[in-house]
Amino acid sequence: MVNWPNFISQLFNGLVLGALLALISSGLTIIYGTLGVLNLAHGAMFMLGGYAGWVAYTYTGSFIVALVAGSLFVMLVGVVMERVIIRHFYARPHEDQLLVTFGLGIVFVETVRFFFGSLSQSVPAPPPLVGITPLGFMFYPTYRLALLGIVIVALIVLYLVLYRTRIGMIVRAGIEDSAMVDALGIDVYKVFMLVFGIGAMAAGFAGIVNAPVVSIAPDVGEAILVQTFVVVVIGGVGSFPGAVLGGLIAGEIISITSMFNPGYSYVMLFVAMTLVLVLRPYGLLGTAGRE
Amino acid sequence: MLRRRFFIIEALTAVGLIAAPFVLPHLGFSPTTMNRILVWGLFGIGFDILFGFTGLLSFGQSALFGTGGFVAAYLLTRMDFSSVIGALIIGTIAATVVGFFVGLIALRRTGIYFAMITVAIAEVFYFVEFNPLSEYTGGENGLPGVPTPSLNLGITTIEFNSDWSLYVFMAFWYFVGIVIGLRIVRSPVGAILSAIRDNPLRASAVGHNIHAYKLTAFVIAAAYAGFAGGLLGVLQAFMPPDAFTFETSGQLVMQTAIGGAGTLFGPLVGATVWLYLSDFFQTTLHLGATWKLVLGVVFVVLVCFLRRGIIGGLKDLGLWLAGRRWRGSPAEDAPAPVEVPRLASVGPSRRRNEKPFLGPALEARGLTKRFGGLIANRDINFSVGQGELRGIIGPNGAGKSTFFKMLTCEMRPTSGRIFFHGRDITDVKVARVCQLGLTKSYQVNQLFSRLTPRQNIVIAALAERRGTFSLDLLRRIDRVPGLDTQVEATLAMVSLTARADVPVVELAYGEKRRLEIGLALATSPSLLLLDEPLAGMSPHERKETVLLLKNIARGRTLVVVEHDMDAIFELAERITVLHEGAILAEGTPAEIQRNSLVQEAYLGGMAAA
Amino acid sequence: MAHCQSPFARTLSRRAMLRQAALVTAGFSTLSSRFTSHAWAGDHPAIGTYPAGSSGDTVNIGAAVPRTGSYAVQGEDELKGWQLAVEHINSGDALIRAIAPKVTKGLLGKKVNLLAADSGAKPNQAVQEIQTFINQHKIVLMTGSTSSAVAVALNKFAQREKVLYVTGISGSNDTTGKDCVRYGFRQNFYGETAANAIGPLLVKQFGKNRKAAFMTPDYTYGHTVTKSVNDYLGKNAGWEMVTNQVSPLGTQDFSQYLTNIANSGAEFLINVNWGRDAVLSIQQAKQFGILPKMTLVVPYQIPFLAKETGAGLTAGVLAATDFWWTLQDKYPLAKMFVEAFDKKYGYKPEWGANNAYMSFAIWARMVSEAGSFYPPDIIKQYEKGETFPSTVGDVHFRKEDHQLVRPVVIVRGKKPSDMKNKEDYWEVLEVVPGEALMQKPDAFGCNLGDYT
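Predicted model, so just to flag it, every value in this text is computed and none were measured.

Enquirer: Tell me about the overall build of chain B, and please be specific about residues and values.
Expert: When its secondary structure is counted, chain B shows 23 helices and 14 strands. If one aligns the C-alpha atoms of chain B with their principal axes, the spans along those axes are about 90 × 55 × 50 Å. Across the 609 residues that make up chain B, the buried fraction comes to 54%. A fraction of 74% describes how many contacts in chain B between residues 6 or more apart in sequence connect residues 24 or more apart.

Below, the structure is given as C-alpha cells:
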C-alpha cells in the first residue's frame, strides 16, 4: 500500500538531497584522491561557508554576494590550512593526517561557537525564489527547486574544470599518480594547494547555498560529514563521477526509507555502505590504488 | 617495542596507582575524576594495542564499550544478577564476541575504508541501542541503578561503595589490564602486530596470517572496551546511552593521540590531561562552552609538534638529556669478513617432514597475466629442478617482476597453474606459500624500518617457528623454543651480527640489502626467489653478495632475477630469458651468450616481433 | 632528605597523609553501605553532602546546563534565571521574600553560590559534571535538564547520592511518573497537563473529528507528550492521528518528514519537537507550504521559538506554556520578576528562566521553613503541601509524586502587525488551573524511594 504521491515526492526529495551531498562529496573525494588526506574537517568547511555567507548577507543584503563570499572564504581557509598544516603531514602516517584534520574540524566549530554563539541564524532565500511551486504531485518550496538547479550547475562547472581544462587534467593525473606528476616537473605542491582549495570551496558553497533551507548553527557540519564519507565510499574514493552517483544513491536511500520509517533512514545508509564495501571493495566507480 | 626490563614497568605502575590517592587530590583531582581516568585508561589499553601497535585506527570502539556496559548493567538492574564482578565479566565476554563479528566485517578493508566501516558500525550500534532495543537498554535514558561491587570473602564482605573504595576496585582492574596488556605486547603476537603496522606486505610474505592477527588485535580491543564500559556503569550507577556515540570513540582517539599511541599508558595520560583540563576550564576559569575550543587547539598543537604524544615527547626529552652517543659505529658499511660462516645452521626447516619430491622444485604451466588490455606474462612454461640455481634475465618491461609476483602468490595469474614440489599452489595465499618453503626477497627493500635487524629477523623467524598463526598472547617472546638459534644463525649468514641492534634507518644500503635477503632466509625456505639482489650495490658489495648467494644456494633451490650479466653468468647453472612477457630462450650461460635472438632482444628488440 | 623536597612534598603534611590513608582504608570498611563515617554533626546523621556541604559559610548549588548542542539557547536562558535567584537569595530581595518569607540575607545565614557546567543535553555528561560538583564542592542542591533524558538520569543520581534535585525544564510525564524519586522535585508543567489544558481549547475552537499530523522527537519527552495529546483529542473529540513523524534529536533537514505530512491529508500540524528542532521543522514546514495551510499547534512551547523562527511563523499558533512575561499584568510577583530580569539582562525572560528562578525560590522557602539543610527535613517540608505564592499565583506540591500543582498558560501567537513592542510575541488566552489537569498520583507508576 504505497502512497504514490508520497512516493514521487520522496523520490524528488531524494534528488535534491542527493545533489547537495554529491557536491560536498566531490570536494572530499578530489582532496582524498589527489592528496591522500581524508579531510575530517570537511563538515566544518560546509558550516564555515554558511557562516561566511551569512555575515556577508547581513552586511550587504545580497544573496549573490553571500554566495561568493561564502565560497571564497572557505577556499581561502582551505588553501591556508593546506599550506600551513597539512603540507607537513604528507610524510607522516595516515592516522596522523586523520587526527589533525579531526582536531581542526573541532577547532573550527568551536571558534564559530565562540564568536557567534549557539543560536541558529537564518539566511532568507532571495526574494524571487521565495514561495512555493506547485509541481503537480506536490507543492515544493521554490528555493529548494532553485537549489537543485544551482547545485547541478555547480557540479557541471566542477566537471568542466576537471575534465576540460589543463589544470583539471593535472589534478586528475595527480589523483592517479602524484609521484608521476611531480616527476614530470609540475609543481605538485601548488596543485595540492589548489585542489584543497577547490575541494573546500565545494563544501563551503554547498554550505551557503543550503543556508536558506536549514538555518546555520555551529554543528550543522557534523551530520553532513558522516553522510559525505558514506557517499564517497559508496561512489569510490577519488572518483568525481562516483561522488555524484553516490550522492544520488544516498539521497534516494534516505528519502525512500523515510517513507516507511524515518528513524531508519540513516541506518540504511550505513548498511548500504557496508554492503558496497563487502561486494565492491573500491566503491561503485572507484579503482584500486589509494587505500 | 617496550624495553625488556621485565617487571619494572609493572612495579612502577603499581607504585603509581598506590601513590595517586595521596598525591593527586592536592593537584585538584577528585576521586571520581581519578576513577574516570582509570576507566578511560583501561578502555585505551585495548585501543592502543589496536591503533598504536597494529596501526588500525578505529572510530568504532564505542560500539563495544557500550555493548559491554549495557550487558553488564542490564544483568545488574533488570535481572537481579547478584555479582557485579560476574556481570562485568559477562559483559566483557559479550563485547568480545560482538567484537569478533564486527572485526570480521570491518577488517575486510584497510586504512581509510576500515576507519569508515568502524564509524558506520558505531552509528548503527547507537541507533540500535536507542531504538529497536530500547526495551532492554532504556533508550535515551540509559539504565539507571547499577549497584556498586562487593566481594564476599567468606569471613567478611568488602563493599566498594565509597569513592575511595571504588578507586581501589578500579585501580586493581586497571593494574590487571596493564599487566595483561604488557604481556601481550611482549609476546610473539605483539611483535607481529608491530610488524604488521610497519610493513604488512612483508609480514604476510614472511609467513604470517596477518588477517588473523589483526582480528586478534581487534578482539583484544573489544574485550578491554567491554570491561571498561561495565566499569563506567558501576562508577556512575548509571549506564548512559552516550557510551555508544561517535563522540565517545572520538574522545578515545584524541586522548590516545595526546598521551602517545603505542605506549599502552598513552590513553591514561591523555585521559588525565583531557579530564583535568575540561574541569579546569569550566569550573576554575569559568570558560563555559569555550573549554572544547581550547582542548581542540591543544590537541592540534600536540599532534603537530609532539608526534608521539606526551609520553613520546617525554621520552625524546629524556634521550636528549641523557645524550645519545652510546650507539656503535657510524653508518658506514663495515667491511664484512671475507670468509663466510658455515651455512649448515640455517638449513631448510626441520619442521617440514615431507617425503622428498623427485620432480621439479617449481613448475609453472601456461602462466599468463593480463592487466586490462596489456599482457604482462604470456603463457609461460617454466620449470626449475631441485637444488638448481636458475637465473632469469630480460630487458626492462619483459615481465620479470610480474612473473615473480605470481610465483610467490602475491598476485593471481589470469590463467595457468603453479606447482611447488608437485603441489598446486596457484590459489594458495602468500603467507601459506611461505610456510611451505617458497619465499622471495624484494628488489626494493621491504624491511620493517622501525625495528633493528635482529628484530626484523625475529619477525620472520617467528613465522617459521610458529606457523601462520598462533595465539600465544601470554608467552614471553624470548621463550619461543629455537627462536634465538634461528635468529643468530641467520644474522651470521648475512654478516649482520655486529650491526644487529642498530635501527634499520641507520644502516648502509648494502647492509639493508643483506637484511632483505636475511629476512627471506629466516623463514627457512627450500626455494628462494631473489628479485635483483644486487640492485644498487657497489662492486665490492656485489662480490660479497655473490659469495653469499653461492653459499645460500647449497642445499636450496634458487631463482635469481638480475640485470648484472657478469654476476648472473657466474652464479647461475641455467638461465631463462624473458622478453615481452614470454620465454625467449633457456639454456646454460654459455648457450645464452651465443643466442642471437637474445642479442637482438637486448640490442634491437624489433626482430622478435 | 630535605634536598629531595618537591613542591608537592611540602604540601603533604604528615597529618594529611594519615588522613588520606584513613580515607582509603575506610573504603575497605566492612560496615555496610549506610554510614561510612561516624562524623555526626548537629542532630542528624550524615547523609549525602550533609553536613559537609553546609558547615561553612557558603553553600554550593550545582547546575548541569546545556551550553552546546540543540538546547543551548534555552540552557543559557535557564542559567540566567538561576543566577538571578541566587543573587536575590543572597541579597534578601523582596521578590524572594514574598515566596520564601524566612529568607533574610542568604539562606540560614549562609551565602549561596552557583556552579554551572556544560551538559550538552547529554545525560552522561550531566551526571559526570554533577558528580564532580558533589565531590569537589559538596553541593547541597543539584539542578539542570532541558532534555528530560537528563532529568531522569539526574533523578536517579540524586536518589543514589542523597542530594536534592530540582529539575530544570522537563516535559516528560516520566519525570514525576515512573522515574520519580524521593529526592527529586519538578515545578514546571509537563505533557499530561499541557495536553489537558490545550485540548479543550482546540476542541472548542475547531470542533470534533479533525485530522492531525504529529511531529515527535524521538525520546521520552516527545513520546509522552504526543501520547498525552493524542489520547485527549482522540478520546474526547474523535480527532485522528493520520501520521506521526518521529525524528531523531538534532535533525536538520525535515524534508522527508514534511513530505510525508504534506501527503497525509492532515488539517493540523501538532509539533512536539523542541529547541532548535522545533525552529527548523517549523521554518521548513512553511517552505513546503504546509503552513499556513495546516494549523500549527505547539503543545509544549519552546523559549525563543518566536524570536528564532520569526514572528510571521508563530502568528495564530496555539501553544501551552509555563510562563509568559505579559502575565506581569495579572500577577504582582510576575511583574517583580520580569522587571528584575529585564533590568539585569536587557530582555524579558522566557519560561525557562522563570522555571529556573521559581525552582530555586521554592527550594529556598523549603529550606528556610524547615530550618535545616538536612535533606529528609527539606523533603518533608515540600511534602507538607502548603500553599505558597509564585509568579503564576498560588501553588502547592503534591506529596505523592513531588510535582508542583500549578496552572498551565495557553497562548496564541500575535501577528507582527499586532505586536506592541519587539518582544510582544504571544497573547495569553487563558490560565488554566493545574489541579484538574493532572493525572491521578499513581497513574504513571510513580514510586518514590527512601528518605535515607
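Enquirer: Give a description of the domain arrangement of chain B that names residues and reports values.
Expert: All names here are of chain B. The domain architecture assigned to chain B consists of domain 1 (8-247), domain 2 (357-437 + 526-609) and domain 3 (447-524). At the interface, 6 residues of domain 1 touch 4 residues of domain 2. Classifying every residue of the side of domain 1 that touches domain 2 gives 2 nonpolar, 4 polar and no charged.

Enquirer: Tell me about helix H8 (residues 188-198) of chain B, and please be specific about residues and values.
Expert: Residue and element names in this part refer to chain B. Of all 11 residues that make up H8, 10 are buried, and the element is covered over most of its length. Turning to H8, its buried residues are Pro188, Val189, Gly190, Ala191, Ile192, Leu193, Ser194, Ala195, Ile196 and Arg197. The secondary structure elements touched by the buried residues of H8 are helix H2 (31-53), helix H7 (163-186), helix H9 (200-205), helix H10 (210-236) and helix H17 (453-466).

Enquirer: Can you tell me about the confidence of the model for chain A, naming the residues and giving the values?
Expert: Model confidence for chain A is summarised by a mean pLDDT of 85, while 97% of its residues fall at 70 or above. For chain A, helix H7 (residues 178-183) of chain A is the element with the lowest average pLDDT, namely 73, and helix H2 (residues 42-60) of chain A is the one with the highest, namely 93.

Enquirer: How would you summarise the sheet that holds strand E12 (residues 393-398) of chain C if you had to cite specific residues and measurements?
Expert: Residue and element names in this part refer to chain C. Strand order in this open sheet of 3 strands is E11-E12-E13, and the pairing throughout is antiparallel. Only two strands of the sheet have a single partner each, and these edge strands are strand E11 (388-390) and strand E13 (403-405). For this sheet, the mean inter-axis angle between neighbouring strands, taken without regard to orientation, is 50°. Two elements, E12 and E13, share 3 bridges in a ladder whose sense is antiparallel. For Arg398, the partnering residue across the bridge sits in E13 and is Gln403.

Enquirer: I'd like to hear about unusual backbone geometry, residue by residue, with values.
Expert: Residues and elements named next belong to chain C. Each neighbour pair has its own omega, and for Tyr50 with Pro51 the value is 0°, a cis peptide bond. By the secondary structure assignment, Pro51 is in the loop between helix H2 (14-27) and strand E1 (58-65). For the bond running from Leu291 to Pro292, omega is 0°, close enough to zero to count as cis. Here Pro292 shows up in helix H11 (residues 290-293). Of note, Lys138 is a non-glycine position whose phi angle comes to about 50°, a positive value. Within the secondary structure layout, Lys138 lies in the loop between helix H5 (123-137) and strand E3 (141-143). Phi angles above zero are rare outside glycine, and Asn209 is one such case at about 55°. Residue classification places Asn209 among the exposed residues on the basis of 9 C-beta atoms within 10 Å.

Enquirer: So what's going on with the interface of chain A and chain C? Which residues, and what values?
Expert: Contact with chain A, which involves 29 residues of that partner, is made by 25 residues of chain C. Those elements giving two or more residues to the side of chain A that touches chain C turn out to be helix H1 (4-35), strand E2 (139-141), helix H9 (220-235) and helix H10 (240-260) of chain A. Looking at the side of chain A that touches chain C element by element, the count peaks at 6 residues for H1(A).

Enquirer: Could you give me a rundown of helix H18 (residues 483-493) of chain B, with the residues and numbers involved?
Expert: All names here are of chain B. Considered for burial, the residues of H18 that qualify are Gln486, Val487, Ala489, Thr490, Leu491 and Met493. Of the surrounding secondary structure, the elements contacted by the buried residues of H18 are H17 and helix H19 (509-522). Once H18 finishes, Ser495 follows within two positions and takes phi at roughly 55°, a positive value.

Enquirer: Tell me what's going on with the packing of helix H1 (residues 8-23) of chain B against H7(B), and back it up with residues and numbers.
Expert: Residue and element names in this part refer to chain B. Here H1 crosses H7 at 165°, and the two axes come no closer than 10 Å. Considering their axes alone, H1 and H7 lie roughly antiparallel with respect to each other. The two elements H1 and H7 meet at a crossing, and its hand is right-handed. Within the contact between the two elements, H1 uses Ile9, Glu10, Thr13, Ala14, Leu17 and Pro21 and H7 uses Trp164, Tyr167, Ala171, Tyr174, Phe175, Ile178, Val179 and Leu182. Residues belonging to the contact of H1 with H7 are distributed by class as follows: 12 nonpolar, 1 polar and 1 charged.

Enquirer: Which residues make up the pairing of strand E9 (residues 295-298) of chain C, and what values do they have?
Expert: Residues and elements named next belong to chain C. Bridge analysis of strand E8 (residues 268-271) against E9 gives 3 bridges, and the strand direction is parallel. Residue Phe268 lies in a different strand from E9, and its bridge partner there is Thr295. Note: E9 against strand E10 (residues 318-321), 2 bridges, orientation parallel. Considered in E10, the bridge of Val298 is made with Ala319.

Enquirer: Can you tell me about the pairing of strand E7 (residues 240-247) of chain C, naming the residues and giving the values?
Expert: All names here are of chain C. Here strand E6 (residues 211-217) pairs with E7 via 7 bridges, running parallel. Looking at the pairing, Ala213 lines up with Thr243 of E7. On the question of chirality, the crossover connecting E6 to the parallel E7 by way of helix H8 (residues 220-237) is right-handed.

Cut-offs used in this document
Residues numbered from 1 in each chain as written. Chains lettered and ligands numbered in written order. Predicted model: local features only at pLDDT ≥ 70, side-chain atom pairs only at ≥ 80, totals over all residues. Helix = DSSP H or I, 4+ residues; strand = E, 2+ residues; numbered from the N terminus. Buried ≥ 20, exposed ≤ 12 C-beta atoms within 10 Å, placed from the backbone. Contact = placed C-beta atoms within 7 Å. Domains from an automatic or database assignment. Nonpolar A, V, L, I, M, F, W, Y, C, P; charged D, E, K, R; others polar. pLDDT = per-residue confidence, 0-100. Pairing = 2+ DSSP bridges. Axes fitted to C-alpha atoms, helices over the stretch in contact; angles between N-to-C directions. Parallel < 35°, antiparallel > 145°, perpendicular 65-115°, else oblique. Left-handed = near helix turned anticlockwise from the far one by under 90°. Right-handed = clockwise from strand over helix to strand, strands pointing away.

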